[in-house]
Amino acid sequence: MPIKVLLSLVIFFAPVSFAQQSFFPIWGEEAEARGYTLPKPYGISLSYMDMSNPVTVNSIDLTGHPVLEAIDIDATHADFKGSNITLRGDVWIFPFMNLYGIIGYTEGTSTANINSLHCDATSVSGIGNKALCQLLDIAGANLPDNATFQLDMDGGTYGIGTTLAGGVGNWFALVDINYTYTSIAAINGNIKTFVGAPRAGYRWEFDGGRELRVFVGAMYQDVQQELSGDLKSLNLPPQVVDLIDTLSPEAGFAVSQSADENWNGILGFQYAFNRDWDILMEAGFGERETLFIALGRRF
């Protein structure tokens, strides 16, 4: 989804107001009677995330010709760099439970070094195919040190999630769980992501509804990428592309990738300007590095 569409949605929802007496959160009056300060029940936020993540290449399969199917590409690790912009709508169902939906746009590039390329001539029949297989073997043995294949990915992202929260005094803890699905536009494929993120921190309240929360935590992220398309779109070395064209102009690929490291640490803060507006910033560190910022409005 283009960024301007997300911005238009934010502008559209900004003037919307809800009745002061809301059904949600359930048990909210009881919680406030016990001295808890609750956020307004409904929210919408616009966020941006920048990410860098090592990726494991589980498999690379080539299609379109018997010789291509006999090729083994040794490229086990890739680096993914990308970003996304999302629009999130949420509601506090209970004082301790928030449900939300996500719609957005993700773009990124996965780049893997090709360590070697081998064609098994014993698995193909015909003198011509065996000869082509040997040529590919020679080309694969003489790849430059910087030989890579690259996947450019962009598409719409959709997801759902929940946050479970609690606290004692000014100390708080929460666990955020969500699942997102990204449909890749340029090539056939999808990215499925499951996230679980526990956090704990401390909050300060000020006059006028202002509040500062500082927190630390960790993030578990299980990413599965299933991608396929035109083999030449991988930006393979020119000598390999020339041989592929000789074999089959319609050659294709199927690549399966997953996150190399599932856990990373996170550190962040959330500042409420008043009861209506807040900003959140969060940085992830470790093997996976992230930078997240969100502007939210509550009703």
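Residues numbered from 1 in each chain as written. Predicted model: local features only at pLDDT ≥ 70, side-chain atom pairs only at ≥ 80, totals over all residues. Heavy atoms only, no water.

Engineer: Could you give an account of the pattern of salt bridges, with specific residues and numbers?
Structural biologist: Evaluation of the coordinates by the stated rule reveals six salt bridges. Across the salt bridge formed by R298 and D90, the nearest N and O atoms sit 2.8 Å from each other. Taken as a pair, R298 in strand β13 (residues 289–298) and D90 in strand β3 (residues 77–94) lie far apart in primary sequence, 208 residues in all. Across the pair, D90 and R298 agree in class, each one buried. In this structure, E211 and R203 form a salt bridge, with 3.5 Å as the shortest nitrogen-oxygen distance. Taken as a pair, E211 and R203 share a single burial class, namely buried. Put simply, R203, E205, E211 and R213 are held in one network by salt bridges that share partners. (Salt bridge = Lys/Arg side-chain N within 4 Å of Asp/Glu carboxyl O. Helix = DSSP H or I, 4+ residues; strand = E, 2+ residues; numbered from the N terminus. Buried < 20%, exposed > 50% of the residue type's maximum accessible area, 1.4 Å probe, protein only.)

Engineer: A description of the side chain of N53 should follow, citing residues and the corresponding values.
Structural biologist: Within the element layout of this structure, N53 appears in strand β1 (residues 42–63). Of the residues examined, N53 reaches a relative accessible area of 7% and is grouped as buried.

Engineer: Just give me the short version of the environment of Q221, but keep the residues and values in it.
Structural biologist: On the secondary structure map, Q221 appears in strand β9 (residues 211–230). Considered as a pair, Q221 and N178 are 43 residues apart in the sequence and their alpha carbons are 9.8 Å apart. In this view, Q221 contacts N53, T193, F194, V195, A259, N262 and R288; residues no more than four positions away in its chain are not counted. (Contact = heavy atoms within 4.5 Å.)

Engineer: So, the environment of A131: which residues are in play, and what are the values?
Structural biologist: With respect to the helices, strands and loops of the structure, A131 is situated in helix α4 (residues 127–141). The class of A131 is partly exposed, set by a relative accessible area of 36%. In sequence terms A131 and E250 are 119 residues apart; their C-alpha atoms lie 20 Å from each other.

Engineer: Account for a nonpolar patch on the surface, with residues named and values stated.
Structural biologist: On the surface, a nonpolar cluster with roughly 830 Å² of combined accessible area is contributed by W27, F96, Y158, L164, V175, I177, Y179, Y181 and F194. For the nonpolar patch, the secondary structure elements donating two or more residues are β6 (148–168) and β7 (171–184). The greatest single-element share of the nonpolar patch, amounting to four residues, is contributed by β7. Mapped onto the fold, V175 is located in strand β7. (Patch = residues over 30% accessible without salt bridge, like charges linked within 9 Å, V, L, I, M, F, W, Y side chains within 5 Å. Areas by Shrake-Rupley, 256 points an atom, 1.4 Å probe, with all protein chains shown as cover.)

Engineer: Outline the state of the cysteines, listing residues and values.
Structural biologist: Inspection of the entire model under this criterion finds one disulfide. One disulfide in the model links C119 with C133; its S-S distance is 1.8 Å. In this structure, the disulfide formed by C119 and C133 twists by about -110° around the S-S bond and is classed as left-handed. With C119 in strand β5 (residues 116–119) and C133 in helix α4, this pair connects stretches of sequence that are 14 residues apart. (Disulfide = S-S within 2.5 Å.)

Engineer: I'd like a description of unusual backbone geometry, backed by residues and values.
Structural biologist: Omega for the bond connecting F24 with P25 falls within 30 degrees of zero, at -5°, which places this linkage in the cis form. Within the secondary structure, P25 sits in the loop between α1 (3–13) and α2 (28–33). In this model, W27 sits at a positive phi of 70°, which is unusual for a non-glycine residue. Structurally, the position occupied by W27 is in the loop between α1 and α2.

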